[in-house]
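# Inside the fold
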Amino acid sequence: WIAWTLLCAEIPMAAGQNGTFPTIFSKLNKNGTAGIGLLVSTIIMQIAMLVVYFANNAWQAMYSVSSLVMLPAYLTTTLFLFKLCMTKKYRQYATKGIILASVSGLVGFLFCLFMFYAGGLNYVTMIPVLLSVGIPLFIWARKEQIAQGDTSPVFLTFEKWCLAILLALDVLAIALVATGTITL
């Protein structure tokens, strides 16, 4: 339990140090602990626990949501691996194993699709909402980088499109829950 708690504090601290998160996350408190990361992680977990508390089957809801929210990262990673193999760019990173990497990418992608299906529409619709929680942190971190001389905009054109799709999915998910079409 202690290791898990420290992990929840250390990851935001490391992200604050490399610029992925705002720099406030990189600061240590008087005890040498990543206090901000720990506080924010704790608040987010308490909100998640509160939401799950009102679900019909709290354990199943928390397990399903936790599992499904990671799937977009796995899905895109496996697709990227498969793309590397199909475009022959895999050879830039490794000299052998392209067949195994191709099969792994394809099987991983198919597994992720199956997990979305198996997770059920009730929980899958909540993925965009949970992923949107990180948008303010992204904007904050980008504005810090711009203040330090980075000339990139807060959102690149592709990122604007992704943000628009994510926000549209958020509206859809919230509407489905509000109308009772989807229940948690």
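In the block above lies the structure referred to throughout.
This section reports on the structure supplied with the text. (Residues numbered from 1 in each chain as written. Predicted model: local features only at pLDDT ≥ 70, side-chain atom pairs only at ≥ 80, totals over all residues. Heavy atoms only, no water.)

### Comments concerning the overall build of the protein chain
What the protein chain contains, in helices and strands, is eight helices and zero strands. For the protein chain, the spread of C-alpha atoms along the three principal axes comes to 50 × 45 × 35 Å. Expressed as a percentage of its 184 residues, the buried residues of the protein chain come to 27%. The contacts in the protein chain between residues at least 6 apart in sequence include a share of 55% that link residues at least 24 apart. Carbon and sulfur atoms make up 73% of the accessible area of the protein chain, which totals about 12600 Å². (Helix = DSSP H or I, 4+ residues; strand = E, 2+ residues; numbered from the N terminus. Buried < 20%, exposed > 50% of the residue type's maximum accessible area, 1.4 Å probe, protein only. Contact = heavy atoms within 4.5 Å. Areas by Shrake-Rupley, 256 points an atom, 1.4 Å probe, with all protein chains shown as cover.)

### Brief notes about the packing of aromatic side chains
Aromatic rings in a pair are described by how distant their centres are and how their planes are angled relative to each other. A complete count under the given rule lists three aromatic pairs for this structure. Aromatic side chains Phe21 and Phe25 sit 5.2 Å apart centroid to centroid with 70° between the ring planes, which places their arrangement in the edge-to-face category. Given the relative accessible area of 3%, Phe25 is considered buried. (Phe/Tyr/Trp six-rings, centres within 6.5 Å; stacked < 30°, edge-to-face > 60°.)

### Quick word on the packing of helix 3 (residues 58-86) against helix 4 (residues 98-119)
Contact geometry of helix 3 with helix 4 gives a least axis separation of 8 Å together with a crossing angle of 150°. By the angle class used here, helix 3 and helix 4 are roughly antiparallel. Relative to helix 4, helix 3 is oriented so that their crossing is left-handed. (Axes fitted to C-alpha atoms, helices over the stretch in contact; angles between N-to-C directions. Parallel < 35°, antiparallel > 145°, perpendicular 65-115°, else oblique. Left-handed = near helix turned anticlockwise from the far one by under 90°.)

Note that every value here comes from positions in space, so none of it alone points to a role or purpose.
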